[in-house]
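Chain and residue survey
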Amino acid sequence: MSERTGKQIVRPYGDTTGDGMVQVSFTLPVAHDKRAEGAAVQLANKMGIDPAMVVHAKPMGDGFTFFVVYGRVNHLVDLNAVQVVERDFALLSAKEVNTVVKQRLRRKLSVVGACIGTDAHTVGIDAILNVKGIAGEKGLEYYRELKVTNLGAQVSVPELVEAARVEKADAVLVSQVVTQRDAHLHNTREMSAAFREAMPAGRRPLLIVGGPRFDESMTDELGVDRIFGRGTTPGEVASYLVHALITQRKVNA
Amino acid sequence: MTGKLDLDPVLVARARELARRAGQPVVDLARSHTTVSVERAVLRLAGVTGADPDGIPWVNRLVDAVAADVGLGHGVAVPVFDALAREGGTDVTLLAQKAAAGSVRFDLPTGRAATAARSAARRAVGAGIRRIDRRRAERDRLIKRHGDPKQRPWIYLIVATGDIYEDIPQAQAAARAGADVIAVIRSTGQSLLDYVPEGATREGFAGTYATQENFRLMRAALDESSREVGRYVRLTNYASGLCMPEMATLAGLERLDMMLNDSMYGILFRDINPVRTFVDQRFSRQVHARAGIIINTGEDNYLTTADAVDEAHTVTVSQLLNEFFAHEAGLADWQLGLGHAFEINPEVPESFRLELAHALLARELFPDAPLKWMPPTKHMTGDVFRGNLLDGFFNLAGALTGQGILLVGMMTEAVVTPWLSDRDIALQNVRYVLGAAGGLHEDFVPAPDGFIRRRANQVLGEALDLLERIGEQTLLTAIAEGTFGIMKRPADRGKGLSGVAAHEADYCNPATDILEAAA
């Protein structure tokens, strides 16, 4: 993207550049009447939407009203002030990944994956690991030079550490979907602490967590090497593995 | 409504026969083993209630104490009632408390003591089963008074706040908004607890703990709602995981109306030991049969991990197996809420016609079962607008193929646990489709030799092939090798295996005796 100096301002786009139009919906715990609609407008105004049009108001059950509001938002966004984790590695095809592993690691790269804690949602880890994959991309099991062990759901942290040891894991992938009471954060911290305790720094596998509700910039706080968020594909994970374990690092094969 | 797909009756009969052949060895296994949870269910029927100060139920303490003294393979009923007679008491819960304190020793009585213990156990357990019978009669009376839902499919809605006192007003609001069945989702991970928590609970993860008291509170609230809305509002919970038999028993005692109860879900998705699951499942289904509870099976889950087109036949196979196991345990067709789901990738060409073919196949194979139709989850992307459209097509497929129970899809699936407004919008979607096209199944007859008929027959053919392959090995091997839902689950692995025991020659379980005598 462009240089990081100056400002690059954008506003939401309805049907004309700069019109700032947005659409929001919400529920207020009040019965539907004129006052409720006024309350919706007031809320929209406080959200920076002015003028706000209540285009739909519908009573729901006892004492609740659902609103759809359209209007112009007066906030501005400076694209140059946006901070995201940009991909800092090259995207490789499955064939390229296999070639790099074969030529430079000269053994199979071992990956151990699991859902830890009480999380039973294997959707994420399976999308990355199963041959089936996601979004037309095959999962890591499909990569000839990767040895994948998928421990499945509700794996305890000690089980995971043990499996990583047995499989001589180069990387450990953990998926966390359930986020009630920040379970995903607690579980991840517990996991990374257990690996730090069980293995010396040089021998520790690469720790990767993924899930739809992670903040990708929290790696240090959670004690992991990489966080992948919503929409990550197996190809990105494989490319990252090659980057972090081989091309960026001198491997002791 | 039969004959829309021109299924070959010889093939259908063959499929059932193969399912029986695959399932029978598992039934034999179930008949010759018991588990800690089966034994705890027997004690619950015999009247043991409550938990110790740490929240561990007295049934757990008592079963553990008996197993420590004489093992599990004889059943706990005789040793417990023998000890009760020796202690000179009548209160089994008190005996459990003494046993937990280590002041009771359990033995295997012989002669007259054994006969006396057997008949005392049978009396106590029989009283528990009569309580279940009374709850069933009560349900029949209430249905007669308030009536069933006016339309099919019944509208099934989930609540899951984690707090039973928050669930109750949500469930009542849902009933007012048109829900016919309320399911209270359990706290994540409850299926892996080897005990049933006690009391009313206000803290859960992504769901509310299933406890006897929570069951009672919610049923009472929905009885109130039934009076208010003029139709009997049904209540659903889960007989799955490590405590299947106890969940079924508590559901029977508290007049729950439906229970999730799949024959293989725990094995495949929770990594519960296969033998443990099949033993627990058989007992739980016998209780459900007696209690007049409709079971919901979990075939929808396969399609969340496997491809809904390539693996469509595994759903059919699982439905046939679930049917076999259910009939064997004494469940009638009206109690079989066999599951399937609308999970085909919407990007696949003709995806809706494929869905119709699969849904109609299930309808025609199981004409007397109230099929449970599950909404899209896998291809819900967070685009709530597209999700609402997809749910509309799901609802339409349900109406067109005469599904019995429709789980209301949420366009915020995969985004948040449903908000009040999500539920309202989703119910509006269902009401629109059922109102606009509720009777369209009368006119919907797929063209002879058309796409839908060909697809349905192809899936049936693939199901037969798979059943033939399972028949050549065994069901347990097939599960071990990852035939269903990709996961591989060997019979000597998985959670809960330590709680399984083979029957000794003198194994006694008065509950099974009574339940099987009636069947």
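Quick summary incoming for the structure in this document. Every residue gets a number counted from 1 within its own chain, in the order that chain's sequence is written. Both sets of labels track the order of writing: A upward for chains, 1 upward for ligands. This being a predicted model, a pLDDT of at least 70 is required before a residue's local features are given, and a value of 80 or more before pairs of side-chain atoms are given or counted; all residues contribute to the totals for chains, interfaces and linings. Values reported for side chains reflect all heavy atoms of the structure, with hydrogen atoms and water molecules removed beforehand.

1. Some details on the overall build of chain A
In plain terms, the rule: Per the convention used, a helix needs a DSSP run of H or I reaching at least four residues, while a strand needs a run of E reaching at least two, with both numbered from the N terminus. It is over C-alpha atoms that the radius of gyration is taken, and the globule rule equals 2.2 Å times the number of residues to the power 0.38. A 1.4 Å probe rolled over the protein chains alone gives each residue an accessible area, and that area as a share of the maximum for its type sets the label: buried under 20%, exposed over 50%, partly exposed in between. Note on contacts: a residue pair is in contact if any heavy atoms of the two residues lie within 4.5 Å. Using a 1.4 Å probe, the Shrake-Rupley method yields the accessible areas, and only the shown protein chains count as cover for residues. Residues scored as positive are Lys and Arg, those scored as negative are Asp and Glu, and His as well as the terminal groups of each chain are ignored. For this purpose, a charge sits on NZ of Lys, CZ of Arg, CG of Asp or CD of Glu.
When helices and strands are tallied, chain A shows 7 helices and 10 strands. Radius of gyration (C-alpha) of chain A: 24 Å, far over the 18 Å computed for a compact globule of 253 residues. Taking the principal axes of its C-alpha atoms as reference, chain A extends roughly 70 × 45 × 35 Å. Counting all 253 residues of chain A, 44% fall into the buried class. Across chain A, contacts joining residues at least 24 apart in sequence account for 67% of those joining residues at least 6 apart. With an accessible surface of roughly 13,600 Å², chain A has 52% of that area assigned to carbon and sulfur atoms. Side chains of chain A give 31 positive and 29 negative charges; the mean places of these two sets differ by 6 Å.

2. Some remarks on helix α15 (residues 384–400) of chain B
Residue and element names in this part refer to chain B. For the record, the criterion: Expected span of a helix, by definition, is 1.5 Å for each gap between consecutive residues, and there is one gap fewer than residues. Nitrogen and oxygen atoms within 3.5 Å of one another constitute a polar contact, given that in protein one can donate a hydrogen and the other can accept it, and given that sequence-neighbouring residues count only through two side-chain atoms.
The end-to-end C-alpha distance of α15 is 24 Å, a good match for the 24 Å that 17 residues give at a rise of 1.5 Å each. The set of residues buried in α15 consists of Gly387, Leu390, Asp391, Gly392, Phe394, Asn395, Ala397, Gly398, Ala399 and Leu400. You can read the cap of α15 off the contacts: a side-chain oxygen lies 3.1 Å from the backbone nitrogen of Phe385, and it is on Asp383. One or two residues past the end of α15 sits Gly402, with phi positive at roughly 60°.

3. Some thoughts on the interface of chain B and chain A
Worth spelling out the cut-off: A 1.4 Å probe defines the accessible area here, and the buried area is the portion of it lost by two parts on being joined, summed over both. We define a salt bridge as a side-chain nitrogen of Lys or Arg found within 4 Å of a carboxyl oxygen belonging to Asp or Glu. Gly counts as polar in this scheme, as do all residues outside two lists: the nonpolar Ala, Val, Leu, Ile, Met, Phe, Trp, Tyr, Cys and Pro, and the charged Asp, Glu, Lys and Arg.
Taken residue by residue, the interface counts 24 residues in chain B and 21 residues in chain A. Between chain B and chain A, roughly 1,900 Å² of surface is buried when both sides are summed, and carbon and sulfur atoms account for 50% of that area. The largest contributions to the chain B side of the interface with chain A come from Thr188(B), Phe205(B) and Leu420(B), which together make up 22% of the buried area. The tally of links from chain B across to chain A stands at 1 salt bridge. At the junction of chain B with chain A, the criterion picks out 1 residue pair in polar contact (both at pLDDT 80 or more). The set of elements that each furnish at least two residues to the side of chain B that touches chain A consists of α10 (265–270) and α16 (420–437) of chain B. Among the elements that take part in the side of chain B that touches chain A, α16(B) stands out by supplying 5 residues, more than any other. Its residues placed into classes, the side of chain B that touches chain A shows 10 nonpolar, 8 polar and 6 charged.

4. What about the sheet that holds strand β6 (residues 294–296) of chain B?
All names here are of chain B. For the record, the criterion: Strand pairing is assigned whenever DSSP identifies at least 2 bridges connecting the two strands. To get an axis, fit a line to the C-alpha atoms, keeping to the stretch in contact for a helix; angles then go from 0 to 180 degrees between the N-to-C directions.
Across the sheet, 9 strands lie side by side as β7-β6-β5-β4-β3-β2-β10-β9-β8; this open sheet has parallel pairing. A strand with exactly one partner marks an edge of an open sheet, and here the two such strands are β7 (336–337) and β8 (339–341). With 3 bridges connecting them, β8 and strand β9 (residues 372–374) associate as parallel partners. Residue pairing in the sheet places Gly339 in a bridge with Lys372 of β9. Packed on one face of the sheet, α16 meets β2 (154–159) and β10 (405–407) and runs near 170° to β2.

5. Regarding unusual backbone geometry
With omega at 0°, the peptide bond leading from Asp50(A) into Pro51(A) counts as cis. Within the fold, Pro51(A) resides in strand β3 (residues 49–60). Note the cis peptide between Arg152(B) and Pro153(B), where omega equals -5°. Locating Pro153(B) in the fold gives a position in the loop between α6 (111–146) and β2. A positive phi angle is found at Asp6(B), which is not glycine, with a value near 60°. In this fold, Asp6(B) is placed in the segment before α1 (9–31). Accessibility expressed as a relative area gives 56% for Asp6(B), which makes it exposed.

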